[in-house]
Amino acid sequence: MTDGPVLKIENLYTYFYTRSRQAFIRSVDGVHLEIEKGQTLGIVGESGSGKSVTALSVMGLVTAEPGVISGKVGLKTANVQKNLLQDLSEYVKTATITGRIMDVYKDNRRWQKNVDRVMRGIRGREISMIFQNPKLSMNPFTSVGRQIQESILLNTAVRSAAEARDRALYWLEKVRIDSPRLRYDNNPYGLSGGMCQRAMIAMALSSEPSLLIADEPTTGLDATIQSKIVELLQEIKTTVGVTTMLISHDIDVIRALSDQVAVMYGGTILEHGPADAILSGAMAQSHPYTAALMASIPNREQIRTKAYLQAIKGEVLDTINLPEGCRFYPRCEQVTDRIQEHCRLREPGLLSISNGHRIRCWRYQQ
Amino acid sequence: MTTAKTILEVQNLKKYYSSSKGLFTSLRKTTNFIPAVDDVSFYIKENETMGLVGETGCGKTTIGKTVLKLTPPTAGRILYDGKDITGLSQAGFRPYRKQMQMIFQDLDAALNPKMRIRSILKEALTVHERPSDAQVDRRIAELLEMVNLKKGKLNNFPGELSGGEKRRVGIARSLAVDPRFVVADEPTSALDVSIQAQVVNLLRDLQQRLKLSYLFISHDLRVVELISHKVAVMYLGQIVEMGMAGKIASAPRHPYTAVLWSSLVDKTTGEGKSVVSDLEGQHWGVFDFERPTTGCRFAPRCPVYEVKGRPPFCTNPGTPPELHRVGEAHMVRCHYPLQ
Amino acid sequence: MRRFSQYAFEISDVSHVSFWKKAGPMDRVYIGYGLLVVLLVVISYLLGATGALPYDPQEINLELIMAPPNTGGHLLGTDFMGRDMLSRLIISIQAYFLPGLLAIGIAIVFGTCFGVFAGYWGGALETATTYVSNLLNSFPRLVLILLMVAAFKPDIYYIMIIVGVTNIPVVASLIHSKIQFLKQKNFIEAATALGLNNCTIIFKHILWHNCRSVLIIQATLGMAEAILMETSLSYLGFGVQEPTPSWGNMVQAGSNYFMQGKFWPSTAPALAILFAIMGFHLLGDGLNSMLERKGDR
């Protein structure tokens, strides 16, 4: 049963219309991802790289049109084994020109109904989510304890309210909220930012999900609180051992928590593999984008010598007007004469360079 | 550095916000005051950068805004170039706006969404002077070159630019009046990692070219350490430690500074765990909502306080810690500074 | 395959798209319709001034009372005094136009002032303005108008002054909240930091660049409201007084005959009211979505 990944995303495409409805924002443009049981996959990328939209697509929470247009999201847990995007092709018609989707017809209303049917019993029960802004994601009028209690009653086998309350207190303690009995009756606004994030994590874990999606769990918190939340997540990883999809723009957070890392840029995966291999920062064995991204963060040596930072030239890719070739080509410093033609004109495929380490770059292709 | 003259000096600056609002509460005599900035003093020399770090709500931004007279101070003095500017009216202060500028945290702040980039820059150029059209065009071209922005963007609206481009326009707009002193309020926080480095390089570049002085407000410790000559660490409205950038980072004396920098270290590599890590108990980080306004403000979260067995001396309102010298150009506000 | 254009033309760059292209198809219909109504007002003035109306609207013809439409050259028939309906209909829009403008002018000028005082300077001024606004809002408008009419005389201009004054709080609160919204975006502060004076900030940055769409919409809605107000007052007999025609008093006069099966003297002006009010509303709507779209993707 435990064979195979818990979550397997294949060929996911999620597009949105621009304001003018004349073009697409290609938020997620052909994403492949796998998460093995008990592991943490860190997705790192800049704003607009499509990392959050990938998570929302998995959860079936994309409501803007046209939204998810093709792909497969295979969820395989002890209770459930199905494609979360089943029958998608019945609702969507696409027109492709030179391998790129140029027009979409989608019956969004019927699709939403279908999603809600498919996701029943999965959202919150099999997959839980931690959002960036805990105060906005929790009900401001109900105490945190009660919200966790309700989630337990709804999503687990626990049926009695008293038992659920005990479970809620157990989880509040688990996320190291001090005096959980007191905090139980606090509204989200009565808690500080760090506390509220802890409560949010408790709530996500309380339904004992098979997969936890953490979307920028530390963004917007102060440095000291951030490191505490990272510590908490590390602790939970060892004690609870939940399979996690961690989304962050902060490489440090990803490094601290991930077993596997996927680097996203412009709606696609540029690099996917074991965390150590990808985040080592060695130019020879990683994608130029990953290497440049790591180099642009000041390291101790640079701070000591007050050196200039190695910035990536240009702007973050605008996913409306994709380049014809490699997405990173306009900003890439590693283009050699040998591969220049390829980089400019053709998009490279994901190539496996070592065990489980795949890179989308012409440098590694023959 | 010793010969450079002081461009900005802040003495005992206080800014209290009253939490009362409405007609009837203002009639009541007792009002709640929240000390956003409490007794802050520092100076900045010419062509120098002072970094100001601290967590959200510690009053960093308030200091920046008070210095530029965007909000009036409750008490204290602000001297610019040796002249007291505290009591000046908005009109009296206007000549100084030509010399003191601000880069706002919010990318859209400086950019009226309904104006094209060209008119935004032109407006900035014509605030204090009356240049001819040809001069304006030449200056705009200069500014664009300075901040490394494409000329084609001039006809766009701010909404059509990316984050990095907006930031550049914001910087160009501040530089248009030829300032000598710039308050940079979290100039990189709203940007992507790959763009942050560009902006940091740009700001350093501009400092050298234009001989600018910066008050650099940020919560990104690495960037502050890199760009600043000296650093002040703030906690709940007070400066708790001030000194040269390298000293603050490598040999902090205040427990809070140590905690702050250690949070960075153990997140990255785990190597070089600092002095605090062994002091840290389970309690740390738990009481992050307590904000005392008397005595030592950091005491409820302080690992040293915990280790010393919670001495009442620390929390006694009668004996608040004072900012005192502990080394060459190094001040700390703590009863038990770390060694 | 309409999205082919992606390669040829950079869509993200909307600043070079002309004003009309930015409007959606429905906006264009709305605005076009609204402008048509405005055009009809202008035509009414032209016809009235040049005397090119089919008949003299005041000319009483007792031979031909309550003639149904299309009899004896009267396209819409005649009313109970034998006056030509069409001519009266055309001329009676003039009963609203200038008084309506007066009401709009009062509301917008004073409302903007109060809004700016409250929003820009804030503090005690904000509190005071809010209280005055609430006070004005809590007064029933109709009672005020009736008081005015009782104290002076039933004149449309007096009525419209009251309509304008009672609309001040509406405009003031709109401008107030808009300024508060803009202040959140920090750019007023940024303009101050740059060294701009208050006058430039208020008039250029706040009112011209960011509030003009609000004000235009308020003006078009004000016009519609003026028409509606006059109509309801006419029904009470306090609106525009005979023999000056207005749609309101025409409906009122015609309503006596409605039950006798002679519906045209009241239906024609009622329809005119309907179309005019709709026109002004749609004009405001269309202009709103078009002006607000400018500058953002």
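Each value, and the rule that gives it
Along each chain, the written sequence defines residue order, and numbers are assigned to residues from 1. The naming scheme follows written order: chains are lettered A onward, ligands numbered 1 onward. Given that this is a predicted model, residues contribute local features only at a pLDDT of at least 70 and side-chain atom pairs are listed and counted only at 80 or more, while totals for whole chains, interfaces and linings are drawn from all residues. As a rule here, side-chain values come from all non-hydrogen atoms in the structure, and water together with hydrogens is ignored. Pairs of residues are marked as contacts when any of their non-hydrogen atoms sit within 4.5 Å. Once two parts are put together, the accessible area they lose, assessed with a 1.4 Å probe and summed over both, is termed the buried area. By definition, a salt bridge exists where a carboxyl oxygen of Asp or Glu is found within 4 Å of a side-chain nitrogen of Lys or Arg. When the centres of two rings from Phe, Tyr and Trp lie within 6.5 Å, Trp using its six-membered ring, the rings pair. Their planes under 30 degrees apart give stacked, over 60 give edge-to-face, and anything left gives tilted. Helix and strand assignments come from DSSP, with helices taken as H or I runs of at least 4 residues and strands as E runs of at least 2, each series counted from the N terminus. Only protein chains enter the accessibility calculation, which uses a 1.4 Å probe. A residue is then buried if its area is under 20% of the maximum for its type, exposed if over 50%, and partly exposed in between. Both a distance and an angle decide whether a charge sits over a ring: NZ of Lys or CZ of Arg must be within 6 Å of the ring centre and within 35 degrees of the ring normal. We define a polar contact as two N or O atoms separated by no more than 3.5 Å, with the added condition that, inside protein, one atom must be a possible hydrogen donor and the other a possible acceptor, whereas residues neighbouring each other in sequence contribute only through side-chain atom pairs. In this count, Pro and Cys sit with the nonpolar residues alongside Ala, Val, Leu, Ile, Met, Phe, Trp and Tyr, while Asp, Glu, Lys and Arg are called charged and the others, Gly among them, polar. pLDDT expresses how confident the predictor is about each individual residue, on a scale running from 0 to 100. Each patch groups residues whose relative accessible area exceeds 30% and which form no salt bridge, using 9 Å between like charges and 5 Å between nonpolar side chains of Val, Leu, Ile, Met, Phe, Trp and Tyr. Under the convention used here, a 1.4 Å probe and the Shrake-Rupley method define accessible areas, while residue burial counts only the protein chains that appear. Here the axes come from fitting lines to C-alpha atoms, over the contacting stretch only for helices, and the angles between their N-to-C directions go from 0 to 180 degrees. Working rule for angles: under 35 degrees goes down as roughly parallel, over 145 as roughly antiparallel, 65 to 115 as roughly perpendicular, anything else as oblique. Crossings are classed by handedness, with left-handed meaning an anticlockwise turn of the near helix from the far one by less than a right angle and right-handed meaning a clockwise turn. An automatic or database domain assignment supplies the start and end points of every domain. To estimate how far a helix should reach, multiply one less than its number of residues by 1.5 Å. Note on pairing: two strands pair once DSSP finds at least 2 bridges between them. Buried Ala, Val, Leu, Ile, Met, Phe, Trp, Tyr and Cys residues that are joined via side-chain atoms within 4.5 Å together make up what is termed a nonpolar core.

A. Broad picture of the interface of chain A and chain B. Across the boundary between the two partners, chain A contributes 41 residues, which contact 36 residues of chain B. Summed over both sides, the interface between chain A and chain B buries roughly 3,400 Å², with carbon and sulfur atoms accounting for 52% of that surface. A per-residue breakdown of the area chain A buries against chain B is headed by T224, Y308 and E315 of chain A, which together make up 18% of the total. Counting across the chain A and chain B interface gives one salt bridge.

B. Spatial organisation of the packing of aromatic side chains. Per the counting criterion, the structure on display carries 20 aromatic pairs over all chains. A centroid spacing of 5.1 Å and a plane angle of 65° characterise the contact between Y289 of chain A and F328 of chain A, whose relative ring orientation is edge-to-face. Here the residue Y289 of chain A occupies a position in helix α12 (residues 288-295), and F328 of chain A occupies one in the loop between α13 (300-305) and α14 (337-345), the gap between them amounting to 39 residues. On the basis of relative accessibility, which here comes to 2%, the residue F328 of chain A falls in the buried class. For the pair Y235 of chain B and F298 of chain B, a centre-to-centre distance of 5.0 Å together with 80° between the ring planes defines the contact as edge-to-face. With Y235 of chain B in strand β9 (residues 230-235) and F298 of chain B in the loop between α10 (255-268) and α11 (303-307), this residue pair connects regions lying 63 residues apart in the sequence. Assessed through its relative accessible area of 2%, F298 of chain B is described here as buried. Here the guanidinium or amino end of R212 of chain C rests over the ring plane of W208 of chain C, the centre of that ring lying 4.4 Å away.

C. View of the interface of chain B and chain C. In this complex, chain B contributes 30 residues to the contact, which on the side of chain C involves 28 residues. Taken together, both faces of the contact between chain B and chain C bury some 2,600 Å²; the carbon and sulfur share is 54%. Taken as a group, K114, E123 and E160 of chain B account for 24% of the area that chain B buries against chain C, more than any other trio of residues on that side. In this structure, the connection of chain B to chain C is made through two salt bridges. Here K204 of chain C makes a salt bridge to E123 of chain B, at a shortest N to O gap of 3.0 Å. For the interface between chain B and chain C, the tally reads nine residue pairs in polar contact (both at pLDDT 80 or more). Examining the composition of the side of chain B that touches chain C, we find that three residues originate from one element, helix α3 (residues 90-97) of chain B, more than from any other. Counted by class, the side of chain B that touches chain C contains 13 nonpolar, seven polar and ten charged residues.

D. Examining the confidence of the model for chain A more closely. Confidence along chain A averages 87 in pLDDT terms, with 98% of residues attaining 70 or more. For chain A, per-element mean pLDDT is lowest for α13 of chain A, which scores 80, and highest for strand β3 (residues 40-44) of chain A, which scores 94.

E. Structural view of a nonpolar patch on the surface. All names here are of chain C. Together, V109, F110, F114, F117, W121 and L125 make up a nonpolar patch on the protein surface, roughly 570 Å² of accessible area in all. Take the nonpolar patch: its biggest share by element is five residues, from helix α4 (residues 94-121). Its location among the elements puts L125 in helix α5 (residues 124-138). You can call L125 partly exposed: its relative accessible area is 40%.

F. Layout of the packing of helix α5 (residues 133-147) of chain B against helix α6 (residues 163-175) of chain B. Residue and element names in this part refer to chain B. Packing of α5 against α6 brings their axes to within 9 Å, and their N-to-C directions diverge by 130°. Accordingly, the angle class assigned to the pair α5 and α6 is oblique. The hand of the α5/α6 crossing is right-handed. Contacts from R139, L143, M146 and V147 in α5 reach R168, I171, A172 and L175 in α6. Across the contact of α5 with α6, the residue classes tally to six nonpolar, no polar and two charged.

G. How the structure looks around the domain arrangement of chain B. All names here are of chain B. Examined at the domain level, chain B breaks down into domain 1 (1-89 + 180-189 + 215-250) and domain 2 (252-339). Looking at the side of domain 1 facing domain 2, the largest losses of area belong to L221, Y235 and E241, adding up to 27% of the total buried there. Where domain 1 touches domain 2, the interface holds two salt bridges. Among the ionic pairs, E55 bridges to R301, the shortest N-O distance being 3.0 Å. For the pair domain 1 and domain 2, the number of links is 14 residue pairs in polar contact (both at pLDDT 80 or more). Of all the secondary-structure elements, those providing two or more residues to the side of domain 1 that touches domain 2 are β2 (33-45), α8 (221-227), β9, β10 (238-244) and α9 (245-250). In terms of residue count, β10 provides more of the side of domain 1 that touches domain 2 than any other element does, seven residues in total. Residue classes in the side of domain 1 that touches domain 2 are distributed as 14 nonpolar, five polar and seven charged.

H. How the structure looks around helix α2 (residues 25-50) of chain C. Residue and element names in this part refer to chain C. An ideal rise of 1.5 Å per residue puts 38 Å on 26 residues; α2 measures up with 37 Å between its terminal C-alpha atoms. Three or more residues of α2 are buried, namely D27, I31, G34, V37, V41 and S44. G51, located one to two residues past α2, shows a positive phi value of around 65°.

I. Structural detail: helix α7 (residues 156-184) of chain C. Residues and elements named next belong to chain C. Between its terminal C-alpha atoms α7 stretches 42 Å, which fits the 42 Å expected from 29 residues at 1.5 Å a residue. Among the residues of α7, the N-terminal cap falls to D155, whose side-chain oxygen and the backbone nitrogen of Y157 are separated by 2.7 Å. Looking at the residues trailing α7, positive phi occurs at N186, about 70°.

J. Just the sheet that holds strand β7 (residues 181-185) of chain B, in detail. Residue and element names in this part refer to chain B. As summarised here, the arrangement of the eight strands in space is β6-β7-β8-β3-β9-β10-β12-β11, forming an open sheet in which the pairing is mixed. At either margin of the open sheet sits one strand with a lone partner, and together these are β6 (100-103) and β11 (323-327). For this sheet, the mean inter-axis angle between neighbouring strands, taken without regard to orientation, is 20°.

K. Molecular detail of the nonpolar core. By size, the foremost hydrophobic cluster in this structure holds 140 residues, and its most contacted members are L8, F42, M100, F181, L215 and W261 of chain B together with W247 of chain C. If one sorts the elements of this core by residue count, helix α9 (residues 198-236) of chain C sits on top with nine residues. In this structure, this core is formed jointly by two domains, domain 1 (1-89 + 180-189 + 215-250) and domain 2 (252-339) of chain B, each of which donates at least three residues. Once you skip the residues sitting within four places of it in the chain, W261 of chain B turns out to touch V53, L221, E225, V231, V233, I248 and A249 of chain B. One finds V230, V242, I254 and L257 of chain A within the second-largest nonpolar core, a separate group that totals 57 residues.

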